[in-house]
Amino acid sequence: MVNGLEASAAQRLALGALVSQLIQRSGLPQRELVSRTGLSKDQVSRTCLGTRPLKVEEAMTLLRAADMPARGAITLALFDRHELAIDWSQSGMSRFLELLIEALPEALTQELGEELDRVNPRWGQHAARFVAQRIAHHIDELIEREAKLGEFEPRARAAAS
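Reading the values: the criteria
- Residues numbered from 1 in each chain as written.
- Predicted model: local features only at pLDDT ≥ 70, side-chain atom pairs only at ≥ 80, totals over all residues.
- Heavy atoms only, no water.
- Helix = DSSP H or I, 4+ residues; strand = E, 2+ residues; numbered from the N terminus.
- Rg over C-alpha atoms; globule rule 2.2 N^0.38 Å.
- Axes fitted to C-alpha atoms, helices over the stretch in contact; angles between N-to-C directions.
- Parallel < 35°, antiparallel > 145°, perpendicular 65-115°, else oblique.
- Contact = heavy atoms within 4.5 Å.
- Nonpolar A, V, L, I, M, F, W, Y, C, P; charged D, E, K, R; others polar.
- Core = buried A, V, L, I, M, F, W, Y, C linked by side-chain atoms within 4.5 Å.
- Buried < 20%, exposed > 50% of the residue type's maximum accessible area, 1.4 Å probe, protein only.
- Polar contact = N/O pair within 3.5 Å; in protein donor to acceptor, adjacent residues only side chain to side chain.
- Salt bridge = Lys/Arg side-chain N within 4 Å of Asp/Glu carboxyl O.
- pLDDT = per-residue confidence, 0-100.

Trainee: What's the story with the overall build of the protein chain in this structure? I'm lost.
Mentor: Helix and strand counts for the protein chain come out as eight helices and zero strands. In sequence order, the protein chain lays out its α and β elements as α-α-α-α-α-α-α-α. On C-alpha atoms alone, the protein chain measures out to a radius of gyration of 22 Å, which is more than a quarter above the 15 Å that the 2.2 N^0.38 rule sets for 161 residues. Dimensions of the protein chain, computed from C-alpha atoms along their principal axes, come out at roughly 75 × 45 × 25 Å.

Trainee: How do you make sense of unusual backbone geometry when you look at a structure like this?
Mentor: Most of the time, phi is negative for any residue but glycine, and the peptide bond is trans. For Asp67, which is not glycine, the phi torsion reads 55° and is therefore positive. Position of Asp67 among the secondary structure elements: in the loop between α4 (56-65) and α5 (70-78). If you check the backbone angles, Asp80 has positive phi at about 55° while not being a glycine. With respect to the helices, strands and loops of the structure, Asp80 is situated in the loop between α5 and α6 (82-88).

Trainee: I tried to follow the packing of helix α1 (residues 9-26) against α4 on my own but got confused; where do I start?
Mentor: It is at 10 Å that the axes of α1 and α4 come closest, and there the two elements cross at 0°. Here α4 runs roughly parallel to α1, going by the angle between their axes. Packed against α1, whose contacting residues are Leu15, Val19, Leu22 and Ile23, the element α4 presents Val56, Ala59, Leu62 and Leu63 at the interface. Of the residues in the contact of α1 with α4, the class split is eight nonpolar, no polar and no charged.

Trainee: Which parts of the structure should I look at to understand the nonpolar core?
Mentor: As a rule of thumb, soluble globular proteins bury nonpolar side chains together. Grouped together as the largest cluster of nonpolar side chains are 26 residues, with contacts concentrated most on Val19, Leu33 and Leu63. Put simply, the parts of the chain that give this core at least two residues each are α1, α3 (41-49), α4, α5 and α6.

Trainee: Looking at this structure, I do not really get the side chain of Arg52. What am I missing?
Mentor: Position of Arg52 relative to the elements: it lies in the loop between α3 and α4. Polar side-chain contacts of Arg52 include one of 2.9 Å to the side chain of Thr47. Reaching out from Arg52, the side chain makes a polar contact with the side chain of Glu58 at a distance of 2.4 Å. If near-sequence neighbours (up to four positions away) are discounted, Arg52 is found in contact with Arg12, Leu13, Gly16, Gln43, Arg46, Thr47 and Glu58.

Trainee: It is not clear to me how the pattern of salt bridges should be interpreted in this structure. Could you clarify?
Mentor: Where charged atoms from two side chains of opposite charge come close, those side chains can pair. A complete count under the given rule lists six salt bridges for this structure. Of the charged contacts, one joins Lys148 and Glu144 as a salt bridge, the two residues approaching to 3.6 Å between their closest N and O atoms. Separated by four residues within a single helix, Lys148 and Glu144 lie in helix α8 (residues 123-151), roughly one turn from each other. Here Lys148 falls in the exposed class, since its relative accessible area comes to 55%. Taking the relative accessible area as the measure of exposure, Glu144 reaches 47% and is therefore partly exposed.

Trainee: Even after reading the chapter, I still don't get the confidence of the model for the protein chain, so can you show me in this structure?
Mentor: Atomic detail in the predicted coordinates should be set aside for any region of low pLDDT. Per-residue confidence for the protein chain gives a mean pLDDT of 87; residues scoring 70 or more make up 90%. Least confident of the elements in the protein chain is α1, whose mean pLDDT is 87; most confident is helix α2 (residues 30-37), at 93. In this model, residues 1-5 is a region of pLDDT below 50 whose contacts with residues beyond four sequence positions or in other chains number seven contacts.

Trainee: It is not clear to me how the environment of Thr51 should be interpreted in this structure. Could you clarify?
Mentor: Looking at the element boundaries, Thr51 is found in the loop between α3 and α4. Note: C-alpha distance between Thr51 and Leu22 (29 residues apart in sequence) is 14 Å. Filtering out sequence-adjacent residues up to four positions away, Thr51 remains in contact with Leu13 and Arg46.

Trainee: How do you make sense of the environment of Ala147 when you look at a structure like this?
Mentor: Looking at the element boundaries, Ala147 is found in helix α8. Spatially, the C-alpha atom of Ala147 lies 49 Å from that of Ala10, the residues being 137 residues apart in sequence.

What follows is the structure, encoded as structure tokens:
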């Protein structure tokens with residue numbers, strides 16, 4: 001699937017199993033999924049059991065209905081990172097990945113314009129590392145600021161004359 005080819009039956013079944021686990025994590029009842037997705041009770045039941053192969057579009061529909069980060073989870077699944085998709089499913093990282101995937105194409109197009117074809121594919125791993133380092137640095141700064149605020153004691157107001 002990563003190479004743009006149609007997913008095999010095994011990949012579609014693995015995606016179904018991942019969606020099943022994420023739906024279980026969401027705590028949304030099956031009847032509510034049926035209502036929100038328009039899928040049949042049988043389709044939702046087999047999906048929740050992890051026995052129904054899914055296409056990406058169906059997986060997106062089900063995960064969105066369960067209020068789970070669909071793009072992030074499916075992207076991780078496409079790169080055989082199912083465990084990470086589950087671990088991140090209810091964290092800030094999953095939502096971050098979701099927004100990054102949505103915003104990155106437009107940001108790259110705006111910044112690079114006609115120079116898009118000059119991007120070297122080898123830069124992908126370096127760019128990922130750079131982004132991770134910048135985020136780690138930003139988090140460290142936030143922690144430091146929060147620690148300083150915790151030590152902050154406002155001066156007593158001057159007594160009114």
